[in-house]
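Analysis of the macromolecular model
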Amino acid sequence: MDSKRIYYVYIWIREDYNTIFYVGKGKKERARVVKNNKHFQHIYNKVPTHYEVIYQNLTEEEAFKKEKETIYNLVYENGYSIQA
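Cut-offs used in this document
Residue indices begin from 1 for each chain and proceed along its sequence in written order. Where totals are concerned, whole chains, interfaces and linings use all residues; where local detail is concerned, this predicted model gives features only for residues with pLDDT of at least 70, and gives and counts side-chain atom pairs only at 80 or more. Side-chain descriptors were evaluated using all non-hydrogen atoms of the structure, hydrogens and water having been removed beforehand. Salt bridges are counted wherever a side-chain nitrogen of Lys or Arg sits within 4 Å of a carboxyl oxygen of Asp or Glu. Each helix is a run of H or I in the DSSP string that is no shorter than four residues. Each strand is a run of E no shorter than two, and both are numbered from the N terminus. Each residue is assigned to one of three classes by its accessible area relative to the maximum for its type, calculated with a 1.4 Å probe on protein chains only: buried under 20%, partly exposed between the two thresholds, exposed over 50%. Being paired, for any two strands, means DSSP has found at least two bridges between them. Pairing of aromatic rings covers Phe, Tyr and Trp, the last through its six-membered ring, and needs centres within 6.5 Å; plane angles under 30 degrees mean stacked, over 60 mean edge-to-face, and all others mean tilted. Counting as a charge over the ring demands two things of the Lys NZ or Arg CZ atom: a distance within 6 Å of the ring centre and an angle within 35 degrees of the ring normal. Whether two residues are in contact is decided by their heavy atoms: any pair within 4.5 Å suffices.

Considering all chains together, one arrives at five salt bridges under this definition. Across the pair R5 and E62 runs a salt bridge, and its minimum N-O distance is 2.7 Å. Placement of R5 in the segment before β1 (7-14) and of E62 in helix α2 (residues 60-77) is noted, with a sequence separation of 57 residues between them. Its relative accessible area of 28% is what places R5 among the partly exposed residues. Between E29 and R32 there is a salt bridge, with its nearest N and O atoms 3.2 Å apart.

Right, here's the structure in full:
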């Protein structure tokens, strides 16, 4: 594997509604880290959640692009709400 292809894009899912509430990009164990973000914390502390890696083996530039595309597709193309 190319040493620069160490990034991935991940989503956090709230299990009560089976909906995505967070999209991020990272490397190593980043997806597992609980975010210091009010929106994230509100949901994480309230309901069962889990994360899934949706793209992997990316360069940092590719990961940024996939993260933005994923958010755009969820919010603007599918009318998905990102409210708590």
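This paragraph deals with unusual backbone geometry. Positive phi, close to 55°, is recorded for N18, a residue that is not glycine. Along the chain, N18 falls in the loop between β1 and β2 (19-27).

Moving on to the pairing of β1. Each regular strand carries side chains that alternate between the two faces of the sheet. Within β1, eight of the eight residues are buried, which leaves the element mostly enclosed by the surrounding structure. Side chains of β1 alternate between two faces, with Y7, V9, I11 and I13 and Y8, Y10, W12 and R14 buried alike. Two elements, β1 and β2, share eight bridges in a ladder whose sense is antiparallel. What sits directly across from V9, in β2, is K25. Count of turn residues in the β1/β2 antiparallel hairpin: four residues, of which N18 carries a positive phi of about 55°. Relative to strand β3 (residues 49-58), β1 runs antiparallel, the two being bridged by seven bridges. Bridge assignment links I13 to a residue of β3, and that residue is H50.

Any two aromatic rings considered together are summarised by their centre-to-centre distance and by the angle between their planes. Going through the model one piece at a time under the given rule, you end up with nine aromatic pairs. Here a set of aromatic residues connected by ring pairs shows up, and it is made of Y8, Y10, W12, F21, Y22, F40, Y44 and Y51. Above the ring of F40, the side-chain terminus of K35 is found at 5.9 Å from the ring centroid. Sitting over the ring of Y55, K66 keeps its end group 4.7 Å from the ring centre.

Relative to the elements of secondary structure, R14 occurs in strand β1. On the accessibility criterion, R14 (8% relative accessible area) is buried.

Moving on: the environment of K27. Here K27 is to be found in strand β2. Non-local contacts of K27, meaning those with residues more than four positions away in its chain, are made with I6, Y7 and Y8.

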